[in-house]
Amino acid sequence: MTTEQTLPICIAGQWRLGRGERYASYYPATGEAVAWLNAASLEDVEETVLGAHQAFLHSGWAQRKPHERAGVLYRIAQLIREQSEELAQLQRQDNGKPIGETRNLVASAAGTFQFFAAACETLEETITPSRGDFVTMSVYEPMGVVAAITPWNSPIASEAQKVAPALAAGNAVVIKPAEITPLLALQLARICEEAGLPKGMISVLPGKGSVLGDALTQHPLVKRVSFTGGTRTGKHIAHIAADKMMPVSLELGGKSPTIVLDDADLDHAVAGVLYGIFSSSGEACIAGSRLFVARSLYEPFMQRLCAAAATIRVGNPEDETTQMGPLISAAHRESVERYVALGLSEGGRLRLGGERLRGGDYDKGFFFPPTVFEGLSNDRQVCQEEIFGPVLVAMPFDDETDLVKQANDSIYALAAGIWSRDYKRAWTLGRKIQAGTVWINTYKQFSISTPFGGWRDSGLGREKGRLGILQYMEQKSLYWGMNEQPLAWASEHREVAP
Ligand code: NDP
């Protein structure tokens with residue numbers, strides 16, 4: 001990819017330059033521009049939504065038989081697999097994740113299209129028990145134009161999770177990718193068109209969310225928004241949606257507890273806790289950022305954990321052996337550093353890390369090491385606010401009643417992890433933890449067939465799962481009259497009429 005070229009964007013099937021400001025996508029490992037493009041303008045938003053609406057009405061996509069739409073989705077999955085290395089490298093450049101991780105995300109995106117193709121062609125509508133002389137059915141219809149607003153941390157995976165079910169359901173989709181990671185959405189749109197999706201059924205509007213995302217959300221022809229991002233933005237979108245009476249799904253932030261009980265398999269627990277917080281450099285909504293360890297094994301566990309964390313290979317995302325890449329931007333690294341300073345000011349002790357990495361290639365990018373705090377109680381700000389970086393706060397606990405109280409004491413309730421050899425104990429605890437997802441003796445593992453979402457400030461609605469497709473459809477009840485005589489009331493009315 002050359003840095004000279006200005007990339008076109010996808011306005012309802014027309015590939016042309018955006019009419020907004022020219023800007024670059026930067027490689028977080030070096031700070032160098034990897035691509036230039038013009039952001040979409042508000043006029044582009046208008047043109048896109050009108051064009052997407054026309055495509056929804058006239059392209060015939062919504063009217064295709066489910067197995068025909070599924071055929072296109074299967075081809076999208078196949079094309080993603082054929083282009084997997086190119087896509088993985090593109091995502092590495094766009095957001096700086098290690099290449100091994102971006103390969104997994106690309107594979108997951110292909111799997112998502114395959115899954116929703118299957119969900120589409122096997123979706124059943126029901127004949128419901130009738131209570132009269134009529135047959136009753138419950139069926140589903142597409143909604144129209146759907147907006148998919150995504151964050152920068154796992155673009156292709158979060159975009160696939162929204163685009164695949166929305167298209168499967170028969171809608172037109174407009175993606176508003178994070179301003180700083182626009183490249184995967186653009187390539188995904190090309191793949192969709194190459195696979196046979198009619199022009200206009202997918203669009204991509206790169207640029208500022210506070211301008212474009214807002215305009216999209218407010219647009220009367222946008223019938224649903226599927227959003228992944230920060231809680232503050234999510235609440236703003238929910239307010240707009242309330243005024244429009246528009247359904248939304250909101251996948252928001254987290255401050256997830258991971259819990260190590262005194263009977264845990266320590267090899268598994270150390271590996272799981274490490275992966276849960278430090279993979280993706282902690283830039284994950286489900287990062288297990290609050291660690292609760294049974295006091296009886298707190299010290300030996302922490303020694304093992306910190307020794308293992310110190311060996312995590314932080315560095316060049318191109319290197320196959322790298323485990324943690326840079327943070328997304330200089331500004332985000334500064335935000336993580338502010339949280340470390342806050343943790344210290346709140347009385348925390350740094351057990352590992354805490355200062356940006358320096359020297360050699362580290363000076364070019366936005367690297368930050370695995371960082372472990374202790375000596376803080378759960379009510380401290382660093383335990384309550386999402387840092388979205390590789391910062392873990394470890395806390396010992398004494399009894400399980402208090403543990404449950406602390407684990408649930410958060411505005412967030414996205415995920416949790418429990419490590420115990422006793423499955424009955426883990427089960428009982430798992431049912432008491434308030435979270436959209438609870439992992440037992442594993443962490444940050446996903447299956448597209450299992451619904452995902454948060455409680456409280458972690459969000460509304462669920463993505464994934466076979467029924468995820470229904471989030472992008474309106475339900476309709478059909479009544480088929482089977483009576484031989486006119487409706488009784490009407491007949492009586494006729495009898496008394498002159
Ligand atoms: P933001 O909420 O800032 O941004 C997310 C998306 O929303 C971006 O595309 C952004 O555009 C756009 N946006 C910003 N303002 C508006 C607006 N007023 N109206 C509509 N769209 C808008 O989050 P971050 O990019 O900082 O992402 C990190 C957050 O995402 C974290 O809090 C994390 O927990 C959460 N997240 C949640 C996940 C989940 O599944 N629960 C998964 C991954 C992340 P722009 O980039 O231009 O600002």
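Residues numbered from 1 in each chain as written. Predicted model: local features only at pLDDT ≥ 70, side-chain atom pairs only at ≥ 80, totals over all residues. Heavy atoms only, no water.

Caption draft 1: A look at the site of the ligand. Near the ligand, the surroundings consist of 30 residues, among which Thr150, Gly209, Thr233, Leu252 and Glu386 are the closest. Glutamate 179 has a polar backbone atom sitting 2.9 Å from an oxygen atom of the ligand. At 2.6 Å from a nitrogen atom of the ligand is found a main-chain nitrogen or oxygen belonging to leucine 252. Out of a free accessible area of 890 Å², the ligand has 83% covered by protein chains. When contributions to the shell around the ligand are tallied by element, the ones reaching two or more residues are helix 7 (209-218), strand 11 (222-228) and helix 8 (231-244). (Near = heavy atom within 4 Å. Polar contact = N/O pair within 3.5 Å; in protein donor to acceptor, adjacent residues only side chain to side chain. Areas by Shrake-Rupley, 256 points an atom, 1.4 Å probe, with all protein chains shown as cover. Helix = DSSP H or I, 4+ residues; strand = E, 2+ residues; numbered from the N terminus.)

Caption draft 2: Representation of the environment of arginine 462 in the model. Of note, arginine 462 is situated in the loop between strand 22 (459-460) and strand 23 (473-481). Take arginine 462: its relative accessible area is 27%, and that puts it in the partly exposed class. Once the C-alpha coordinates of arginine 462 and phenylalanine 452 are considered, the two residues, 10 residues apart in sequence, prove to be 5.3 Å apart. Those residues in contact with arginine 462 that sit more than four places away from it in its chain are Glu251, Gly436, Pro451, Phe452, Gly453, Gly454, Trp455 and Gln471. Engagement of the side chain of arginine 462 in a polar contact is seen with the backbone oxygen of glycine 454, the distance being 3.3 Å. (Buried < 20%, exposed > 50% of the residue type's maximum accessible area, 1.4 Å probe, protein only. Contact = heavy atoms within 4.5 Å.)

Caption draft 3: Quick peek at helix 10 (residues 298-309). In this model helix 10 runs 16 Å from its N-terminal to its C-terminal C-alpha over 12 residues, within 8% of the 16 Å that 1.5 Å per residue would give. Three or more residues of helix 10 are buried, namely Tyr298, Phe301, Met302, Leu305, Cys306 and Ala309. Within helix 10, the buried residues cover an arc of 120 degrees as seen down the axis, which keeps them to one side. Looking at the buried side of helix 10, the elements it contacts are strand 13 (257-260), helix 9 (266-278), strand 14 (290-294), strand 15 (349-352), strand 16 (371-374) and strand 17 (391-397). (Expected span 1.5 Å × (residues − 1). Arc of directions from axis to C-beta.)

Caption draft 4: Quick peek at the sheet that holds strand 17. Pairing within the open sheet is mixed, and its 7 strands lie in the order 15-16-17-14-13-19-20. Strands with a single pairing partner mark the edges of an open sheet, and in this sheet they are strand 15 and strand 20 (437-440). Neighbour-to-neighbour, the strand axes of this sheet turn through a mean angle of 25 degrees, independent of strand direction. As judged from the 5 bridges shared by strand 14 and strand 17, these two strands associate in the parallel manner. Within strand 17, the residue paired with leucine 291 across the bridge is alanine 394. Relative to strand 17, helix 9 is tilted by about 140 degrees, and along the sheet it contacts strand 13, strand 14, strand 16, strand 17 and strand 19 (415-419). Here helix 14 (residues 423-432) sits on the sheet and contacts strand 13, strand 19 and strand 20; the angle it forms with strand 20, its principal contact strand, is near 165 degrees. (Pairing = 2+ DSSP bridges. Axes fitted to C-alpha atoms, helices over the stretch in contact; angles between N-to-C directions.)

Keep in mind these numbers describe shape, not what the thing actually does.
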